[in-house]
Amino acid sequence: MSLPNITVLLPAYDEEGNIGKLIPRINKTLVENKLSYNILVVDDGSTDKTGEILEKLSTEFPLSIARHARNRGLGTALKTGFNEILSKKSSTDVIVVMDSDNTHDPNSIIEMLKGIWGGNDVVIASRYKSGSRVSGVPKIRRLASKVLSLIMKRLFPVNNVYDYTSGYRAYTIKSIEKLKEFKGEKFLMSTGFVVMVELLINLSEIGCAFSEAPIKLEYGEKKGKSKIKFFSTVLEYLKFINSRRKSI
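Treat the numbers as computed from the prediction; the structure is a model and nothing was measured.

For the chain, the count of helices and strands is eight helices and nine strands. Considered along the principal axes of its C-alpha atoms, the chain spans approximately 50 × 40 × 35 Å. Burial statistics for the chain: of 248 residues in total, 50% are counted as buried. Counting contacts in the chain only where the partners sit at least 6 residues apart, residues at least 24 apart contribute 81% of the total. Working note: accessible area of the chain is about 12100 Å², and carbon and sulfur atoms make up 53% of it.

This is the structure we're talking about:
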């Protein structure tokens, strides 16, 4: 089996303390495993030095940048990234989406690719998979993620998926292409963090196969504040649940 061409998609907002460390780590992992790759960063209206750092990194690594003039949210950043990749789909077989805050271990990409090679369309780096390691994450956030995943699993069951809110995933380009063909520009409607759940449900509805891989999630080295606002994010999920159940 030939090795896939990978595009690593990084939505980024004010990550000047993290993204300059993450991209060399991604490069090291993928080069050591002899994988062909490029990186697309969607700079979602950063107000710090993220843009300057990315410009410098683009001279050292296979990195391109898409920019939003203002912060538009994770969902919109993902949609921009997917559309950009689909427009050049001949150079990509697998899209790996990661957080830009240097909390995701790039080595998990290799484990996710094994799931793709096994015939899955989507592989999630899951906190609930045997072999996972999570450190430095606040207890309230860990509890909220677990509760939300349990609720979503009950309301919107997706085979072989238990971590509904993980932002670290691998998708075949064909799965994203098929989703857009099916739903058009409405293939992603959520602008915030709930987009991760929306994407799972939408891909499940078009018959995609899913699996999970272990994740190493480490918050100890992360710089800057979390972009997740707890109460507004919970409200966003509640609104999503209400609107989605009405559409069924």
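Before going further, it helps to examine the nonpolar core. Counting residues in each nonpolar core, the largest one holds 39 residues, and the members touching the most others are Leu9, Phe82, Tyr171 and Leu203. Put simply, the parts of the chain that give this core at least two residues each are β2 (36–44), α3 (74–86), β4 (94–97), β5 (122–126), α5 (139–155), α6 (173–183), α7 (195–205) and α8 (230–247). With seven residues, the single largest contributor to this core is α7. Filtering out sequence-adjacent residues up to four positions away, Tyr171 remains in contact with Phe82, Asp93, Val94, Ile95, Val97, Asp121, Val122, Ile176, Met196, Leu199 and Leu203.

Inspection of the secondary structure assignment puts Leu200 in helix α7. You can call Leu200 buried: its relative accessible area is 0%.

Turning to a nonpolar patch on the surface, a few remarks are in order. A contiguous nonpolar patch, built from Ile140, Leu143, Val147 and Ile151 and spanning about 340 Å² of accessible area, is present on the exposed surface. Looking at the element boundaries, Ile140 is found in helix α5.

Two measures define how a pair of helices packs: the angle their axes make with one another and the distance between the axes. In contact at an axis separation of 11 Å, α3 and α6 are set at 105° when each is read in the N-to-C sense. Between α3 and α6, the crossing angle belongs to the class labelled roughly perpendicular. Residue-level contacts link Phe82, Asn83, Ile85 and Leu86 of α3 to Ile173, Ile176, Glu177 and Lys180 of α6. Of the residues that constitute the contact of α3 with α6, the class distribution is five nonpolar, one polar and two charged.

Here the focus is the packing of α6 against α7. Where α6 meets α7, the closest approach of the two axes is 10 Å, and the angle between their N-to-C directions is 80°. The orientation of α6 relative to α7 falls into the category roughly perpendicular. For the pair formed by α6 and α7, the contact residues are Ser175, Leu179 and Lys183 on the first element and Leu199, Asn202, Leu203 and Glu205 on the second. For the contact of α6 with α7, the residue count by class is three nonpolar, two polar and two charged.

Criteria and cut-off values
- Residues numbered from 1 in each chain as written.
- Predicted model: local features only at pLDDT ≥ 70, side-chain atom pairs only at ≥ 80, totals over all residues.
- Heavy atoms only, no water.
- Helix = DSSP H or I, 4+ residues; strand = E, 2+ residues; numbered from the N terminus.
- Buried < 20%, exposed > 50% of the residue type's maximum accessible area, 1.4 Å probe, protein only.
- Contact = heavy atoms within 4.5 Å.
- Areas by Shrake-Rupley, 256 points an atom, 1.4 Å probe, with all protein chains shown as cover.
- Core = buried A, V, L, I, M, F, W, Y, C linked by side-chain atoms within 4.5 Å.
- Patch = residues over 30% accessible without salt bridge, like charges linked within 9 Å, V, L, I, M, F, W, Y side chains within 5 Å.
- Salt bridge = Lys/Arg side-chain N within 4 Å of Asp/Glu carboxyl O.
- Axes fitted to C-alpha atoms, helices over the stretch in contact; angles between N-to-C directions.
- Parallel < 35°, antiparallel > 145°, perpendicular 65-115°, else oblique.
- Nonpolar A, V, L, I, M, F, W, Y, C, P; charged D, E, K, R; others polar.

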